Amino acid sequence: MYKDLPHIIPAPQPEVEETFASYQTTYRFYQEVQARSEFKRHCEWYHMTAEQNRQELERMRGELNIMRWFRRRR
């Protein structure tokens, strides 16, 4: 039965192989573009969040610390 398979399944044509190779290259390229775009968005989000956290920390440092009063009275 295995001897008959080469006759049933034709060998791929060179044009098909070239087309498939071109498709694979294009597909991988767009995957790479998408991955880099997602990474860039993540980095932008991270930097924006870090800056917001820094600003919030500075505001908190400027506020009155009520807990310090409770700890001193003991």
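Not measured: the values here are computed from a predicted model. (Residues numbered from 1 in each chain as written. Predicted model: local features only at pLDDT ≥ 70, side-chain atom pairs only at ≥ 80, totals over all residues. Heavy atoms only, no water.)

Points about the overall build of the protein chain
Which entries qualify depends on this criterion: Numbered from the N terminus, helices here are DSSP runs of H or I no shorter than four residues, and strands are runs of E no shorter than two. Here the accessible surface of atoms and residues is derived via Shrake-Rupley with a 1.4 Å probe, and residues count as covered only by protein chains that are part of the display.
The number of helices and strands found in the protein chain is three helices and zero strands. In the structure as shown, the protein chain presents an accessible area of about 8,100 Å², 58% of it carried by carbon and sulfur atoms.

Describing the pattern of salt bridges
Under the convention used in this document: Salt bridge, as applied in this entry: a Lys or Arg side-chain nitrogen positioned within 4 Å of an Asp or Glu carboxyl oxygen. The cut-offs for exposure are 20% and 50% of the maximum accessible area for each residue type, with area from a 1.4 Å probe on protein chains only; residues under the lower value are buried, those over the upper are exposed, and the others partly exposed.
According to the stated counting rule, one finds three salt bridges in the structure shown. A salt bridge links Glu51 to Arg54; its shortest N-O distance comes to 2.7 Å. Pair noted here: Glu51 and Arg54 are both in helix H2 (residues 14-62), with a separation of three residues, about one helical turn. Taking the relative accessible area as the measure of exposure, Glu51 reaches 38% and is therefore partly exposed. Among the salt bridges present, the one from Glu58 reaches Arg61, with a minimum N-O distance of 3.2 Å. Taken together, the positions of Glu58 and Arg61, both in helix H2 and three residues apart, correspond to about one turn of that helix.

Concerning the packing of aromatic side chains
Condition: Only rings of Phe, Tyr and Trp enter the pairing, Trp through its six-membered ring, and a pair is recorded when the two centres are within 6.5 Å. The plane angle decides the type: under 30 degrees is stacked, over 60 is edge-to-face, the rest tilted.
Counting across every chain of the model gives three aromatic pairs. Taken together, the aromatic side chains of Phe20, Tyr23 and Tyr27 make up a single cluster linked through ring pairs.

Observations concerning a nonpolar patch on the surface
Rules: Two distance rules govern patches: like charges are joined within 9 Å, and nonpolar side chains (Val, Leu, Ile, Met, Phe, Trp, Tyr) within 5 Å, applied only to residues with over 30% relative accessible area and no salt bridge.
A cluster of nonpolar side chains, contributed by Leu64, Ile66, Met67, Trp69 and Phe70, occupies part of the molecular surface with about 580 Å² of accessible area. Its place among the elements puts Trp69 in helix H3 (residues 66-72).

Some thoughts on the confidence of the model for the protein chain
Definition in use: One confidence number per residue, pLDDT, is output by the predictor and ranges from 0 to 100.
Confidence along the protein chain averages 85 in pLDDT terms, with 80% of residues attaining 70 or more. Looking at the elements of the protein chain, mean pLDDT is at its lowest for helix H1 (residues 5-8), recorded as 59, and at its highest for H2, recorded as 94.

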